[in-house]
Structure formats: structure tokens, C-alpha cells
Amino acid sequence: MAPMDRTERFYRIQQLLELRGGLSGEELMASLEVSRATLHRDLEYLRDRLGMPINWDAAARVYRLAPGARHERRHALPGLWLSESELAALSTLSQLLGHIDPSGLIEEHLKPLSERLAGLLASSDPALRELGARMKIASIGVRQPSSDCFASMARAVFARRRVRMRYRARARDTIEEREVSPQRLVFYRQNWYLDGWCHLREGLRSFAMDSVEAMETLDIPALEVETEAMEDFFSGGYGIFNGQDIQWAVLRFSPERSRWVAVERWHSKQQGEFTSLGEYVLRVPYADDRELLGDILRHGSEVEVMSPPGLRAKVRDLHLEAGRRYPGGGTA
């Protein structure tokens, strides 16, 4: 029989200590078929890197798991014995989650894993240890929600409880009180939103979390909305805005700009094709044009709205208004 590799030995040590309670060094060496030096290296790695609480009982001269560890199972190995690529992926994911976590709620739950990853990275390839220094996450246009409100809302979403919140509607510049059955939190374009059933409007709505100024969780079960109904409602419109009155915007981009737009995803149902002149024609559905207008305007003169007429007129008027803000033309 081929000798056990290191991973198999780790699992075997865990299994033996859980089943038999305590074993001497000789018993472990015999069961694993390894030398004393190899056993000591394995035990040291299990304790220091993987966090397995193995104690040496000097009186009985045996190795044991710390009291309570056999029931707590914090030291279980599945998922912790990682390849270099898996370790890099987990470390990257940990950084990304920490970056989008405004309340520290995710970080709080990830802290034990983050500490374990740090220990594993310390003994890995030097290139992996520099992951943090070699990655930069730059955010633009972030609107930071209240950390207390975000944490409370996340708990309400998971506990399936209604909430009452004071919400600043920026479009109307008003403060409103809403009772909502939260369905899910959405991270979109560097900002957090809540999709929920608004009991005031009696329908699905999306709320910007940075506009929630105060909230309380009610001891009332949240109204449940089927996932299919949620997707039908929220995915029909464009961007974060939703609605049922769907129109299709047809946009034609210059050949130069088309090289970028052709590989961008504006909407899950978008359609696009190149013309014989190298122009890219993009078709996207929308119900509310506010976010779509912003995306069109950022391309300036490199895009033309072909239809519908109402959207074309809005873009034209916005360009004309912008031009009036810069009278005189030419250079100073």
C-alpha cells in the first residue's frame, strides 16, 4: 500500500483524536507510518496554520483535542486544505467582500476565515503573500449608507421581517416614512439598494440604502414575493429603475467608440450588431429613462439615438442646454 500523503495524514490525525480521545506519539507514528520528526511537523502545522486545538497531556503522555473541541468542530479540515490557486481565489474574494461591506457586518462573520487565510498565506508562495499589495480596488461615485441601517436591514432581510424606515426621496427632495417587506439587498454600480414590497404603494420598489436615514425592524413577518415575479419586475427596465411600460432604445455608435461598446453589457436582454460602416447599433429595453440618459450622454457626440423619438428629443435638448452653458465657442 502506498504511503499516505500529507493531506491524508492530516485527516487521519483528526479522525484518530476525535474517535479515541488521546494517543501517544508512538501510536500516532505507527498509525500514520511516519517518523517522529514528520509527526512533529504535521502536528505543528495543524496547530499553527490550520488552527486545530491539539494539546499535549504531559501526565498521560498523549495528544488530545482541547476540551469541547470535539463538539465545537471549529478545527474541521474540509475546505481549509487548499491549493495555491484556491487560496488566492479565497483571499481575493475576502478583499472584495470587505470592500463592498459598509457596515462591517460581512467582515465580522469573515474575520475567523480572514485570520486563517492570513496564516495559510504566511507559509505559501511569496507571490501569494503580496496579493493585497498587488491589487487595487478603486471606487468612484460611492454613496455610503449608514452602517447601522445597513446592518439592521441585512438582518431583517435574513430574518424575513418587515421594516419601518425614514427614507429621503432625493428626486422629490422629501422625507417619507415607508413600511417595507425587504426581499433582497442589491450591490449595483458601487452602491447598495434594497428591493422590497412597499406597503404604502402596494407594489415592488427599489430603495437606495444611502437614502435610508433611520429604520426599525418590526415583529411582523415580511410579505414574500416569488423570485420569478421579482425578476420579471426588476429586470424589465434599465439599470436600477424598473417598470412595466417597456420601450426599446436604438443607439448608433461611431466606429471608434463601437470597439468598446460592442463588448459592454448594458442590459441582460440587449441586442447589437455592426453595420457595414463599422458602426455598432445597440438596442436596449427601458421603462424609466433617467439612468439610460446618463449612459448615453457620457458618450457625447460618439452616439446617436435613432429611436424612440421621445428619447431622441430628450438627448438633443440636453445637448443644446449644455451648449448654452458654454457660450462663445473657441478657446480662451
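In the block above lies the structure referred to throughout.
Here we summarise the structure given alongside this text. (Residues numbered from 1 in each chain as written. Predicted model: local features only at pLDDT ≥ 70, side-chain atom pairs only at ≥ 80, totals over all residues. Heavy atoms only, no water.)

**A closer look at the overall build of the chain**
Then step 1. Scanning the chain for helices and strands turns up 12 helices and 12 strands.
Then step 2. When the 332 residues of the chain are sorted by exposure, 38% land in the buried category.
Then step 3. Considering only residue pairs separated by 6 or more positions, the chain has 61% of its internal contacts joining residues 24 or more positions apart.
Then step 4. Carbon and sulfur atoms form 51% of the exposed surface of the chain, whose accessible area is close to 19500 Å². (Helix = DSSP H or I, 4+ residues; strand = E, 2+ residues; numbered from the N terminus. Buried < 20%, exposed > 50% of the residue type's maximum accessible area, 1.4 Å probe, protein only. Contact = heavy atoms within 4.5 Å. Areas by Shrake-Rupley, 256 points an atom, 1.4 Å probe, with all protein chains shown as cover.)

**Remarks on the sheet that holds strand β2 (residues 54–57)**
Then step 1. The three strands are arranged β1-β3-β2 in an open sheet whose pairing can be described as antiparallel. Edge strands, defined here as strands with exactly one partner in the open sheet, are β1 (22–23) and β2.
Then step 2. Pairing geometry for β2 and strand β3 (residues 62–65), over four bridges, is antiparallel. Looking across to β3, one finds that Asp57 is bridged to Val62. (Pairing = 2+ DSSP bridges.)

**Here's the deal with the nonpolar core**
Then step 1. Counting residues in hydrophobic clusters, the biggest one holds 19 residues, and the most contacted among them are Met153, Met165, Leu194, Phe207, Met209, Val212 and Met215.
Then step 2. Counting residues per element, the ones that place at least two in this core are α8 (147–159), β4 (161–169), β6 (191–198), β7 (203–208) and β8 (212–221).
Then step 3. The dominant element in this core, judged by the number of residues it contributes, is α8, at five residues.
Then step 4. Leaving out residues up to four positions away in the same chain, Phe207 has contacts with Met165, Tyr167, Arg178, Val180, Trp192, Tyr193, Leu194 and Cys198.
Then step 5. Phe10, Val34, Ile54 and Leu65 belong to the second-largest nonpolar core, a separate cluster that totals 18 residues. (Core = buried A, V, L, I, M, F, W, Y, C linked by side-chain atoms within 4.5 Å.)

**Focus on the packing of aromatic side chains**
Then step 1. Tallied over the entire structure, the rule returns 10 aromatic pairs.
Then step 2. Here the aromatic rings of Phe10 and Tyr45 are separated by 5.7 Å at their centres, their planes lie at 10 degrees, and the arrangement is stacked. Here Phe10 is found in helix α1 (residues 6–20), whereas its partner Tyr45 is found in helix α3 (residues 36–48), with 35 residues between them in sequence. Considered together, Phe10 and Tyr45 belong to a single accessibility category, that of buried residues.
Then step 3. Through successive ring pairs, a cluster of aromatic residues spans Phe150, Phe187 and Trp192. (Phe/Tyr/Trp six-rings, centres within 6.5 Å; stacked < 30°, edge-to-face > 60°.)

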